[in-house]
Amino acid sequence: MKLANRMGLIGTETAFEAAARARALEATGRDVIHLEIGEPDFDTPRHISEAASHALLDEKMTHYPPAVGIAPLRAAIANDVKRWKGIDATPDQVIVTPGAKPIMFYAMLGLINEGDEVIYPNPGFPIYESMARYVGGVAVPAPLREANDFRMDVAEVESLVTDRTRMIVTNSPHNPTGSILTPDDVREIARIAIEHDLVVLADEIYGRLQYEGEPLSIATLPGMAERTITLDGFSKTFAMTGWRLGYGVVPDWLAQTFSRLVINSVSGTNAFAQAGAVAALTGPQDSADAMRTEFIGRRALIVEGLNAIPGVSCVMPHGAFYAFPNFSSFGRTSNSIADHLLYDAGVCGLSGTAFGSYGEGYLRFSYANSREKLSAALERIGESLAKLERTGELAHA
Ligand code: PLP
């Protein structure tokens, strides 16, 4: 039996594989500190779970919901994007999905023809490249470099635009580097998009987790609302990864396309989970704010700790909950350093190359873990690298 040819084009998200290897190691009795997964270690705030539970048990929201989301949630999202991002959108432009990932899939499926080019940040969330290729497009990496504080180099982005370019993907705050686009970067990308008639997929899933400067949503700029798909969701801001709830805010001309794709793939998003999401947006924000404050404290701890390790350097991330330290001075591949730290130190991080070829030389550590665990991990990493320098021997499975 043979798979469809296109399966040779699809990528994956290695975080899930690394987590499985870490769990296999734990099953042998080893203690592993998990810094690989991009999810808040907090519980979903209680009022959100209560609202979902009420919808399930009392309101019996157990039937098919409208494909693109229940009306109160679409209205709450339209209000929320106005409040936090300044985006003017009607509820009709809001497409609710099981997690935000389907928005990437639908954007590429709906807009990318065979051979169309998609410019995306590299290193970056691996699904941009995977989906662009899967639908027959050409994924064109825009390298993010440490020397540029891991921001997209907008002049370089413009130089990558060709007659076949159809879309630019942006992600600010950025996974895996924690970088942000400055307002000037965003304005320049908007100018490029308008001049070359491109669509922008603006991944703002870490928008509430920006620690410096004011975020600027590209959809708010003149001429951009009609060419921007803004992606956001509940996983990161409200610690709701397991709920699978996200959304896109799309121009009117795309709403029907997204609706069709939802109907053809998932029919809709869990009804009672959506009731929880309404409470997340309209209820108290103190838990979300407290998580944000805690991330700021942990960011300082991990960045300082990494920079104190000989041979390691780490720029200060400006958002999200990832540190992206440079390990190139060890003269090994990122993959081998990641393996060494897992099998020698019992610390699971991700190779920078899990986010594209321009991630070579780096590792990603998620600081969505307790301060105690982060401190213990830093100590173990320091010892393990010192041992590597002494013996030259890499640990592996
Ligand atoms: N975008 C980025 C940059 C992410 O890091 C993630 C999750 O890790 C997502 C989107 C998708 O999140 P979800 O599908 O859980 O909403």
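One can find the structure itself at the top, above this paragraph.
The notes below deal with the structure included here. (Residues numbered from 1 in each chain as written. Predicted model: local features only at pLDDT ≥ 70, side-chain atom pairs only at ≥ 80, totals over all residues. Heavy atoms only, no water.)

The element strand β3 (residues 117–122) is largely enclosed, with a buried count of six among its six residues. Neither face of β3 is exposed, since Glu117, Ile119 and Pro121 on one face and Val118, Tyr120 and Asn122 on the opposite face are all buried. Of the pairings in the sheet, the one linking β3 to strand β4 (residues 138–143) comprises six bridges and is parallel in character. Within β4, the residue paired with proline 121 across the bridge is alanine 142. At this point the chain moves from β3, through helix α5 (residues 126–134), to the parallel β4, and the crossover so formed is right-handed. Sheet topology places β3 next to strand β5 (residues 165–171); three bridges connect them, and they run parallel. Residue pairing in the sheet places valine 118 in a bridge with methionine 167 of β5. (Buried < 20%, exposed > 50% of the residue type's maximum accessible area, 1.4 Å probe, protein only. Helix = DSSP H or I, 4+ residues; strand = E, 2+ residues; numbered from the N terminus. Pairing = 2+ DSSP bridges. Right-handed = clockwise from strand over helix to strand, strands pointing away.)

On to the site of the ligand, then. Within the structure, the ligand sits among 14 residues, and Ala100, Asp203, Tyr206, Ser235 and Lys236 are positioned closest to it. One nitrogen or oxygen atom from the side chain of serine 235 is found 2.7 Å from an oxygen atom belonging to the ligand. Between an oxygen atom of the ligand and a side-chain N or O atom of lysine 236, the distance comes to 2.6 Å. Taking 400 Å² as the accessible area of the ligand by itself, protein coverage stands at 94%. (Near = heavy atom within 4 Å. Polar contact = N/O pair within 3.5 Å; in protein donor to acceptor, adjacent residues only side chain to side chain. Areas by Shrake-Rupley, 256 points an atom, 1.4 Å probe, with all protein chains shown as cover.)

Moving on, we come to the pattern of salt bridges. The tally for this structure, following the rule as stated, stands at 20 salt bridges. The residue lysine 387 makes a salt bridge to aspartate 344 at a minimum N-O spacing of 2.7 Å. In this pair, lysine 387 is assigned in helix α12 (residues 371–391) and aspartate 344 in helix α11 (residues 334–345), connecting sequence segments 43 residues apart. Classification of aspartate 344 by relative accessible area gives partly exposed; the value is 24%. Through salt bridges with shared partners, a single network forms among Asp41, Glu294, Arg298 and Arg371. (Salt bridge = Lys/Arg side-chain N within 4 Å of Asp/Glu carboxyl O.)

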